[in-house]
Each structure stands twice: as C-alpha cells, then as structure tokens.
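# Per-entry structural report
Given next are the chains, with one letter for each unit.
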Amino acid sequence: MEIAQIFDSLKQKFGDAVLSVDSSVKSPFITVAPDSLVVIMRFLRDDPAMKFDMLLMISGVDYPTCFASVTHLTSLTHKHTLAVKVELPREAPEVDSLVDIWPAADWHERETYDMMGIEYRGHPQLRRILCPEDWEGFPLRKNYRQPEEYHGISNVRQIGDDYYPKPDEDEKAVQGWKAPKPPPAPKAAPAAAEPATTAVAKDDPKATPPSPGGETPEA
Amino acid sequence: MTSDTSYLKADEMLLNMGPQHPSTHGVLRVVIRTDGEIIRHATPHIGYLHRCKEKIAETMTYPQYIPYTDRMDYLAAMSNNFAFCWAVEKLGGIATTERAEYIRVIVNELQRIASHLVAFGTYGLDMGAFTPFLYSFRERESIIDIFERLCGARLTYSYGRIGGLMRDLDEKSIDMTRRFVDDFDTKWDEYNDLLSNNEIFIKRTANVGVLPADVAIAYGCTGPMLRGSGVKHDLRKDDPYSIYDRFEFDVPVGEGKMGTVGDCWDRYWVRMAEMKESSRIIRQALDALPEGPYLNQKVGRIIKPAYGEIYFRAENPRGELGFYIVSVGEKKPYRCSVRAPSFCNLSVLTEMSHDTLIADMVAIIGSIDIVLGEVDR
C-alpha cells in the first residue's frame, strides 16, 4: 500500500489526530498527535489491509523546535513499510509506550530514553540500557555536554585545548585541499642565460638548473 | 542491580553469567534467576561496548563515517560498509557504476559466508565440539585473504565508497574467488558430516530454545532468527536493493527437521543452507561481472544531500540492518540512527530462555549469533 492511501484511510478513521504526511523525502512519514499514537498503532497492526506486524525501530530526533519519536514499521504480509512520527514538546517529551502492541518496543524505547530523554509512559521498566544507570544527561541531545569526570575518571584532555586543530581549521584544510601542483620548471638565471643555452639545457636531460648565485651550466 | 533479594523464593538463587564469559560471545552479562537447574528468568544487561556511534555520526561527514560502520558488526564489516553507502547514495541520489554493484554483491556474499562460518565454528565450540572451529576458520581465512587483496585489511575493511568502491577487483582476486567457491562446496558437505548430523550436537540443539514464528515477529527478530522459525522473509527477495533481483537463489527456512520448527538446530541449519545459496549468487555474479569503472568519479569529498530523511535496510548476515538518516542539507548527517539486527534479536532472550536448563542457555545464546559491537554500537 502506498503512503498516500495509508494516510487517507487513517485520516478517515482518526480525523484530526492524524496531522500530516510528508511524501517529499525519500522515506515518507506520517505525523500523528502524541495522544492518539497508541490507538493508531493498534489499528495499523490489526487492520487486515495494513497489518504492520513488525516494529523495526524507534528512534528519537532532536529538532530545534521539538523532539520527535520516530517508529518504523513493516508488514511481512504486504511487504510495505511505514514511518510514524510524533512531535513532543522540548520541556516535557512524553508519549505512551508501545510495548503492549509490539514487545520489540521494549528495548528500543529504553534506548531512546537513554539517549534522547524521551519518557515512554506505561513502559514496564524504563531505565537506561546502554549507558550506566547513574549517567547524567542524555547524550544524543544537541545541547548535551559531556561530564568532565565519571567516578573520578577524567574525561578532559590534559594536553591543552590548543594541541588539536579547531574543527573549522580542519574543515578549511579539507575544502581548500587541491592536488599538489608539479614543481615549477627550473628557470634559467635571468642575467647570464642566453637563448642558445636554454635550448641546449632543454635537450640535455643531464643538464642541471643553475643554482642561485652559482655558475651557469656548461653547454 | 538492587541488593534487595527478598523477592527470591527459598529454592531460587541469582547467577551472574558474564560479562566475561566464553560463551556469551563478547561482553554480554545475563543475570539468571534459577531454581536448581531451571532458569526462571534471565535479564540481559548490555552496553559494555557502547562507543556512541550515533553521536559520532553527527560530528563527521558522510564519507568519514564509513570506517565507523566497520566497528559495529565487525564480523560482517563489508556488509555494514555497503549498507551505509547504499543509504547515503539513495538519500543523495548518487549513482554508482554497474561494475561496483556487482563487486559489492560478490563481496557481500563472501562476507556472509565468512560470518556464518564464524557462527558455525563458535557454535560447535559452545556445544563442546572443538574441531569444526578449526575447519571453519581455515575456510574463512581464504575469504579474508581475498579481502586483504582487495583493500589491505583483514577485519575492518572500509572498502565501500560512496558512489562505488575503494579499489577494483583484479583478475587474481576473481580467480581466487572462483577457486574458493568451487572448493567450498565440497567442504560444506564435510561440515555436515562433522557437526550438522552429529548425534551429540542434535541432542544438544534440537527442541531447545524453540522460538515460535509469532513471537519472533512480535520481537522484531530478523535474519536467520526469523527464518529459522519458518518465516520466509529475506530483504534480498522481499524488498530488493542494489541488483539482488537479478540473481536466482532460494531462501532457506527452518522446517523442524530434527525437532520442532524454530529450535536451535533450525537456526543453525538456516545459516548452513544460506552459505550454499551465497555461493550460488557469487557464481552468477562472477559470470555476469561487467567491465567498466569501479567508482563514480563525479562524487566529491563533500556530499550534501538535500533536506530529507531515509530509512534504508539491507539483509546482513545477522538480519536487517537499517540506517535512518536525517539530512538538513549539511555535509554532516543531522541524525544517523542504526537498527542493529543483533540488538533486536537479543531482546527475545528473556522470552526464549524461560523455564529452560542452564546448559541450554549457552545453546540459545550461541544460536542467536550476536555481535556485541553491534548490540551496543
């Protein structure tokens, strides 16, 4: 089923809870209202025409205006995929858990909570999964600052900040990088060089270029 | 873990398996609540190998990230490289060359054989059979020698480039690949004599750790885990990417030959049968390998895909590897999220190991074939 059809039938059934569809991107997605996420997801799993029986991934995205929790679904019966996005306010990113619908959501929601700080209401045990349980902050947020130490182990470089090139210096180096030009052809000494000498020097591969201030090469 | 153990019944005890344990295939820790020999509950703890791969992706350009994909599933580094390259190429509308796609398929399938050989060898090791490990590593060595010729590395290859490959497949490598595939078919029969049909091995794996198809689907298991439960789902057939629709091959599924559908032996057997299918694909690809450039020379160092997002999925040896990339028109991804197949496959461990014997736990973990580098990323 195409994304436009899915969007139409969702819009028919759930009305204003289905906000928008973005088909301009390579993997189109549907945005729904956070409060209706669970009912819509249950419909997507159970409806015979949709039958999204497998949850592939839940990931969080930190947009400048909001957090987004993106759920990727696939159907093994109909072989189609779908991305469903909910936009959550930055102050309190909270949304209902999908564990009751797909048990696969368990670890994905824990990971998104761990990394992005999105709370999933109703999750049986929403605790960190990859980071240690006493870790501070949510690392994948754009405004995350790495703690300077963890249990007395320093995370700060001791060698000094100016040791490494700044990121923008590095980028300039990459952008300005060009293939090295071949070294310029040796020029004959301006005063002593006669046209005849130059011609001979060209023909003779052994002829050495005049060193600055040295004697002119013998023809 | 809480130090409160009052919830334990009188006959129960807590057992800690890992993180340093030979049969957890890396730094996986499983806390097991046992009643004598029976496992009542198993809780996997992961994250010991977490290296912030997704955060790192936001700080570097697309081509710079390719070596980092190696270190996720380090037993199938080539497949990870190509999956990331395909994702970025699709996101940015970048064309590759015909020859590059053929070489990618050949190398991808060689990598699948190499990865399954490790699974086969270490699974024998888990079950107390030491010899298959030596034989499987002998054959894997031949594949690694081909890869070394291609890119100079033996484990983390970084061979994929956006728009093509790092180097061409030369005549000698083609000859080596042909000879390997011919040789491998006879070796494959020996493996079956050695392990697949071994009475002790069957006793340890058949009817153990049965994963019904509906549970596998609900937990998002993919790859040999899902196919072992009898579900015929392979992205190379069902959602073909690259040029996989040009080749003929079968998708082996578990049939309960030695016990129940979805037991450890079935998952093991699906991997064995897949190696055979991979060698079929390699033969066809070698015969049809076109001449031409191996890299789209128009692709520059700086790639700026237009605003947009993509979820690209590829069939890796362990299942469906997905890259979800959000681009805002910069040279670095705004967000790069990875769906690691081992991560999802491992999440079903609690369900599978319920009310099994402790000794079977080793058989179950081995049959999932996890790579902790990918679980933790």
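Residues numbered from 1 in each chain as written. Chains lettered and ligands numbered in written order. Predicted model: local features only at pLDDT ≥ 70, side-chain atom pairs only at ≥ 80, totals over all residues. Heavy atoms only, no water.

Glancing now at the domain arrangement of chain A. Residue and element names in this part refer to chain A. Its domain assignment divides chain A into domain 1 (3-127) and domain 2 (131-169). A C-alpha centroid distance of 32 Å is found between domain 1 and domain 2. The interface of domain 1 with domain 2 comprises ten residues on the first partner and nine residues on the second. Together, the buried faces of domain 1 and domain 2 total about 800 Å²; carbon and sulfur atoms form 55% of this surface. Area buried by domain 1 at its contact with domain 2 is led by D62, D114 and M115, which between them contribute 56% of it. Counting every contact that joins domain 1 to domain 2 gives one salt bridge. For the salt bridge of R127 with E133, the shortest nitrogen-to-oxygen distance reads 3.5 Å. At the junction of domain 1 with domain 2, the criterion picks out five residue pairs in polar contact (both at pLDDT 80 or more). Among the elements that line the side of domain 1 that touches domain 2, the one with the most residues is helix α3 (residues 105-116), at four residues. Of the residues that constitute the side of domain 1 that touches domain 2, the class distribution is five nonpolar, one polar and four charged. (Domains from an automatic or database assignment. Contact = heavy atoms within 4.5 Å. Buried area = accessible area lost by both parts, 1.4 Å probe. Salt bridge = Lys/Arg side-chain N within 4 Å of Asp/Glu carboxyl O. Polar contact = N/O pair within 3.5 Å; in protein donor to acceptor, adjacent residues only side chain to side chain. Helix = DSSP H or I, 4+ residues; strand = E, 2+ residues; numbered from the N terminus. Nonpolar A, V, L, I, M, F, W, Y, C, P; charged D, E, K, R; others polar.)

All names here are of chain B. For helix α2 (residues 62-70), the complete set of buried residues consists of Y62, Y65, I66, T69 and D70. Seen from one end, α2 has its buried residues packed into an arc of 160°, which puts them on one side. On the buried face of α2, the contacting elements are α1 (53-57), α3 (77-92), β4 (160-161), β7 (319-327) and β8 (335-339). (Buried < 20%, exposed > 50% of the residue type's maximum accessible area, 1.4 Å probe, protein only. Arc of directions from axis to C-beta.)

Accessible area lost on assembly of the parts is the figure often given for the size of an interface. Across the boundary between the two partners, chain B contributes 47 residues, which contact 44 residues of chain A. Both faces considered, chain B and chain A share a buried interface measuring about 3,800 Å² in area, 60% of it formed by carbon and sulfur atoms. Contact with chain A buries surface across chain B, with E309(B), Y334(B) and F343(B) losing the most and accounting together for 16% of the total. Taken together, the connections running from chain B to chain A amount to four salt bridges. Put simply, K142(A) and E58(B) hold a salt bridge, and the shortest N to O gap is 3.2 Å. Along the contact surface separating chain B from chain A lie 13 residue pairs in polar contact (both at pLDDT 80 or more). With five residues, strand β6 (residues 308-316) of chain B is the largest single contributor of residues to the side of chain B that touches chain A. Here the residues of the side of chain B that touches chain A sort into 21 nonpolar, ten polar and 16 charged.

On to a nonpolar patch on the surface, then. A contiguous nonpolar patch, built from I159(A), Y163(A) and Y164(A) and spanning about 330 Å² of accessible area, is present on the exposed surface. Position of I159(A) relative to the elements: it lies in the loop between β9 (153-154) and α4 (167-175). (Patch = residues over 30% accessible without salt bridge, like charges linked within 9 Å, V, L, I, M, F, W, Y side chains within 5 Å. Areas by Shrake-Rupley, 256 points an atom, 1.4 Å probe, with all protein chains shown as cover.)

Core analysis: the biggest nonpolar cluster contains 170 residues, and L44(A), Y159(B) and I325(B) have the highest contact counts within it. Ranked by residues supplied to this core, first place goes to helix α4 (residues 98-126) of chain B with twelve residues. The contacts of Y159(B), once residues within four sequence positions are left out, are M78(B), N81(B), F82(B), I103(B), V107(B), L150(B), C151(B), L165(B), M166(B), R167(B) and D168(B). (Core = buried A, V, L, I, M, F, W, Y, C linked by side-chain atoms within 4.5 Å.)

We now examine unusual backbone geometry. Note: most peptide bonds trans; most residues except glycine with negative phi. Positive phi, normally seen in glycine, also occurs at K51(A), with a value near 50°. Turning to its location among the elements, K51(A) is positioned in the loop between α2 (37-46) and β3 (54-62). One non-glycine residue, D355(B), adopts positive backbone phi at about 60°. Considering the arrangement of structural elements, one finds D355(B) in the loop between α13 (349-352) and α14 (358-368).

This part takes up the packing of aromatic side chains. Applying the stated criterion across every chain, the model contains 28 aromatic pairs over all chains. Taking the centre distance of 6.2 Å and the plane angle of 35° together, the rings of Y123(B) and Y268(B) count as tilted. Of this pair, Y123(B) sits in helix α4 while Y268(B) is found in helix α11 (residues 264-288), placing the two residues 145 residues apart along the sequence. Note on accessibility: Y123(B) and Y268(B) belong to one class, buried. Between F180(B) and F184(B) the ring centres are 5.5 Å apart and the planes differ by 25°, which places this aromatic pair in the stacked class. Of this pair, F180(B) and F184(B) both sit in helix α6 (residues 171-196), four residues apart, roughly one helical turn. Relative accessible area serves as the criterion here: at 0%, F184(B) is assigned to the buried category. Among the aromatic side chains, those forming a connected cluster through ring pairs are F120(B), Y123(B), F180(B), F184(B), W188(B), Y191(B), F201(B), W265(B), Y268(B) and W269(B). Its end group placed over the ring of F29(A), K85(A) keeps NZ or CZ at 3.8 Å from the ring centre. Taking the ring centre of F343(B) as reference, the NZ or CZ of R377(B) above it sits at 5.0 Å. (Phe/Tyr/Trp six-rings, centres within 6.5 Å; stacked < 30°, edge-to-face > 60°. Lys NZ or Arg CZ within 6 Å of the ring centre and 35° of its normal.)

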